[in-house]
Each structure stands twice: as C-alpha cells, then as structure tokens.
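Survey of secondary and tertiary structure
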Amino acid sequence: MLPYQTLEEAALALGRNLTLAESLWYNYSARKSDFFLYSHNIFFLCLVFSLAPLPYAFIELSQSEIMAKFKVQTKIKRSFSDMFKCYKEVMKKFVVVVGPLQIVSFPIVKWVGIHASLPLPSLWEVSSQLIVYFLIEDYTNYWLHRLLHSKWGYEKIHYMHHEYSAPIVFAAPYAHWAEILILGIPTFVGPLIIPCHIITLHLWIILRHVEAIHTHSGYEFPWYPWKFIPFYVGAEYHDYHHYVGEQSQSNFASVFTYCDFIYRTNRGYHHHKQALNKVSHFN
C-alpha cells in the first residue's frame, strides 16, 4: 500500500510530477496491500500457462504440413485430450503447491526489499535486473537439474517431468511437487540477491515462463525472437534432453547453453547431431 493519500502528495514526495506509468500504478495500487500485489504472481502464472501455449497447441492439433517441418520429433502426434490432461495437472499444481508458496514466501520478499512503492524503476534498471536474473537462474537451475538426474533424484522426483519424452507445450511446469519447489529456487534467487520493484518481479516471472513454454513446445521456428540471443537453448536443444530421458547426462541448461559447454554436458547432443547430419547426407 502506497503511503500517499493523493497523486499530488505523491508528486510532492518525489519532488516532480508523476509519469503516466506512475500515475496509472498509483491509481491501481494505492489502496491495495503489498501482499495482494505480490499475489498477482499466481494469477499471471495461470494466465501465461493458459494463453501462451495456445498458438503451439493449435499448430499441433491442425497437423499442418507447412508447420510440420518445424516440429522436432515429427513422428509424435498429440491429441487434445493429451494436452488437456497435462494442462489440468499443471493448474492443480499451481493451486496446491505454488499458491501456498506465495503465501509463505511473502515475509521473505518484504524482508529483502522487494517493494511496490514509487518511483517506478527506469527501463534501464528493469532491463539490467532481468538480464542478471536470467543469468543467475540459468546457472543455479543447471546444477539443481543435474542433481535431479542423479539416480535417487530421477527415480523419486524428476521422472514425472520426463514422462513426456517428446515435450508438449503445456508440459514446461508438469512436474512432481518437490521439483516445482526445487527448481523454483533459481527463479527467486536473483530477486532475493538484487531486490526489485514488484512490477519487475512480475515481468521476470512472466518472461521466464514464456521462455520455458517455448523450450518445451516441440517446435523450432527460425523466426522466434529468443533465437537471436547468444547461447540461447531453444526447443530443439532441450528436446534432446527429453528424448534421451533417464539416461540423459546432456543439455541440462534452462536458458543459455554456456554451462553445458563449460562443463562438457553437451557432448551427447553434438554426437547425436553429427549422426543425424550423416544420415541426412547419405539420404
């Protein structure tokens, strides 16, 4: 809840007139508690995983020959019932696991300094924080993901996510409840180390999960904007990880491929690519 009774009072406190964005934020948030504003995360998660996968789902269900050339595992076909079953399981986990996590994590969020106050952060501040969050998430996720591929971690927890040897777009958060908690840690490490505005936090959560949806889509489109980012993982890269399954000790990266390169956990993938290239050459 903002400590100002009017827009004029807020402008007086800032020593300048509010920007349009700040005025809109004041009108929306002034009488709402910080907990309520923070709880928007669960709403955004449900919204993102309900809407962002739809274009991929329509492409998959249409069985378009034009789009088929962009599909990674062309022999695998998914039905509407397959997708809806996965979607229902994901939404259930959001309500049962992520919802309560939002409640218990709020005191920590407040303690580290994540806030909803004015002024709003600049575009430069938001952009730089998001870049750092992606880098931190990618590195910590890499090691936790490798841990989940230990014999115990896979058999007890990670097996569920690998039920889809050919990922479908709704399967990005399809996982055991313990995995949701474990791999949720990297997402929050960045904001906990470098506190931000609540709007930046919401934007970070949205972008991270939109990216996860793409890497689990099963389609590798050459025009997808993420592909222009150096060392970006992409759907085809992550698809190999699911394709190999339990034995996979390759392609652990979530966003960038540099950890796989540095720690040499991309060798199986490159051998696989070389074999495919040889086969296509002879054909």
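Quick caveat: nothing in here was measured; it's all calculated off a predicted structure.

Moving on, we come to the packing of helix H4 (residues 40–51) against helix H7 (residues 80–112). Taken N-terminus to C-terminus, the directions of H4 and H7 make an angle of 165 degrees; their axes are 10 Å apart at the nearest point. In terms of orientation, H4 and H7 fall into the roughly antiparallel class. In this structure, H4 crosses over H7, and the sense of that crossing is right-handed. Facing H4, whose interface residues are Asn41, Ile42, Leu45, Cys46, Phe49 and Ser50, H7 presents Tyr87, Met91, Phe94, Val98, Gly99 and Gln102.

With that settled, the discussion passes to a nonpolar patch on the surface. Nonpolar side chains collect at one region of the surface, where Tyr139, Trp143, Phe261, Ile262 and Tyr263 lie side by side and expose about 530 Å² of accessible area between them. Sorting the residues of the nonpolar patch by element identifies helix H8 (123–148) and helix H14 (258–262) as the ones contributing at least two each. Secondary-structure assignment places Ile262 in helix H14. What makes Ile262 exposed here is its relative accessible area of 52%.

Attention now moves to the side chain of Asn266. Residue placement: Asn266 occurs in the loop between H14 and helix H15 (267–282). With relative accessibility at 10%, the residue Asn266 sits in the buried group. Beyond its immediate chain neighbours, meaning those up to four positions away, Asn266 contacts Tyr237, Ser250, Asn251, Asp260 and Phe261.

Attention now moves to unusual backbone geometry. A cis amide bond, omega 5 degrees, links Leu118 with the succeeding residue Pro119. The phi dihedral of Phe231 is positive, around 65 degrees, even though this residue is not glycine. Relative to the helices and strands, Phe231 is located in the loop between helix H12 (198–215) and helix H13 (235–244). Residue Phe231 is classed as exposed on the basis of its relative accessible area, which comes to 57%. Of note, the phi angle at Asn251 is positive, near 60 degrees, even though the residue is not glycine. Structurally, Asn251 is set in the loop between H13 and H14. Exposure remark for Asn251: the relative accessible area of 0% places this residue in the buried category.

Another point: the environment of Ser79. With respect to the element layout, Ser79 can be found in the loop between helix H6 (65–68) and H7. Separated by 17 residues in the primary sequence, Ser79 and Val96 place their C-alpha atoms 26 Å from one another.

This brings us to the nonpolar core. One finds Tyr26, Cys86 and Leu118 to be the most contacted residues of the largest nonpolar core, which totals 58 residues. Secondary structure elements with two or more residues in this core: helix H1 (7–14), helix H2 (20–29), helix H3 (34–38), H4, helix H5 (54–62), H7, H8 and H12. Top element by residues in this core is H7. It accounts for 9 residues. For Leu118, the contacting residues outside a window of four places in its chain are Leu2, Tyr4, Ala10, Leu14, Leu18, Glu22, Trp25 and Tyr26.

With respect to the helices and strands, the residue Ser23 is situated in helix H2. A relative accessible area of 18% means that Ser23 is categorised as buried. For Ser23, the residues in contact, after removing those within four places along its chain, are Leu7 and Leu18.

In this section: the environment of His214. Along the chain, the position of His214 falls in helix H12. Looking at His214, the relative accessible area reads 0%, which means it is buried. Along the backbone, His214 and Gly184 are 30 residues apart, and their C-alpha atoms lie at a distance of 18 Å. Apart from the residues lying within four places of it in its own chain, the contact partners of His214 are Tyr56, Tyr219, Glu220, Tyr224, Tyr232, Gly234 and Ala235.

All right, on to the packing of aromatic side chains then. Applying the stated rule across the entire model yields 23 aromatic pairs. Look at Tyr142 and Phe252: their rings are 6.0 Å apart centre to centre, the planes differ by 85 degrees, and that puts the pair in the edge-to-face class. Here Tyr142 is found in helix H8, whereas its partner Phe252 is found in the loop between H13 and H14, with 110 residues between them in sequence. Like Tyr142, the residue Phe252 is buried in the burial classification. Centroid distance Trp143 to Tyr263: 4.8 Å. Interplanar angle 70 degrees. Geometry classified as edge-to-face. Of this pair, Trp143 sits in helix H8 while Tyr263 is found in the loop between H14 and H15, placing the two residues 120 residues apart along the sequence. The rings of Tyr56, Phe70, Tyr219, Phe221 and Trp223 are connected pair by pair, giving a single aromatic cluster.

The next point concerns H12. Along an α-helix, residues three or four positions apart point the same way, because every turn accommodates 3.6 residues. Helix length check: H12 (18 residues) gives 26 Å between terminal C-alpha atoms against 26 Å at 1.5 Å per residue, within 8%. Most of H12 sits inside the fold, with 13 of its 18 residues counted as buried.

Conventions adopted
Residue indices begin from 1 for each chain and proceed along its sequence in written order. pLDDT decides what is reported in this predicted model: residues at 70 or higher carry local features, side-chain atom pairs at 80 or more are listed and counted, and totals for whole chains, interfaces and linings draw on all residues regardless. Hydrogens and waters are ignored; side-chain quantities use all the structure's heavy atoms. Only C-alpha atoms enter the line fits that serve as axes; for helices the fit covers just the stretch in contact. Angles between N-to-C directions range over 0 to 180 degrees. Numbering of helices and strands runs from the N terminus, with a helix taken as a DSSP run of H or I at least four residues long and a strand as a DSSP run of E at least two residues long. If an angle is under 35 degrees, it is roughly parallel; if it is over 145, roughly antiparallel; if it lies from 65 to 115, roughly perpendicular; otherwise it is oblique. Whether a crossing is left-handed or right-handed is set by the direction in which the near helix is turned from the far one by less than a right angle, anticlockwise for left-handed and clockwise for right-handed. Contact criterion: two residues are considered in contact whenever any of their non-hydrogen atoms come within 4.5 Å of each other. A patch is a set of surface residues, each over 30% in relative accessible area and not in a salt bridge, joined within 9 Å for like charges and within 5 Å for the nonpolar side chains Val, Leu, Ile, Met, Phe, Trp and Tyr. For every accessible area listed, the method is Shrake-Rupley and the probe measures 1.4 Å; residues are considered covered only by the protein chains on display. Salt bridges are identified by distance alone: a Lys or Arg side-chain nitrogen within 4 Å of an Asp or Glu carboxyl oxygen. The rule is simple: take the accessible area with a 1.4 Å probe, protein chains only, and divide by the maximum for that residue type; under 20% is buried, over 50% is exposed, in between is partly exposed. Here the nonpolar core consists of buried residues drawn from Ala, Val, Leu, Ile, Met, Phe, Trp, Tyr and Cys, with membership extended through side-chain atoms lying within 4.5 Å. Between rings of Phe, Tyr and Trp, where Trp is taken as its six-membered ring, a pair exists when centres lie within 6.5 Å; planes separated by under 30 degrees are stacked, by over 60 edge-to-face, and by other angles tilted. In a helix, the anticipated span is given by 1.5 Å times the number of residues less one.

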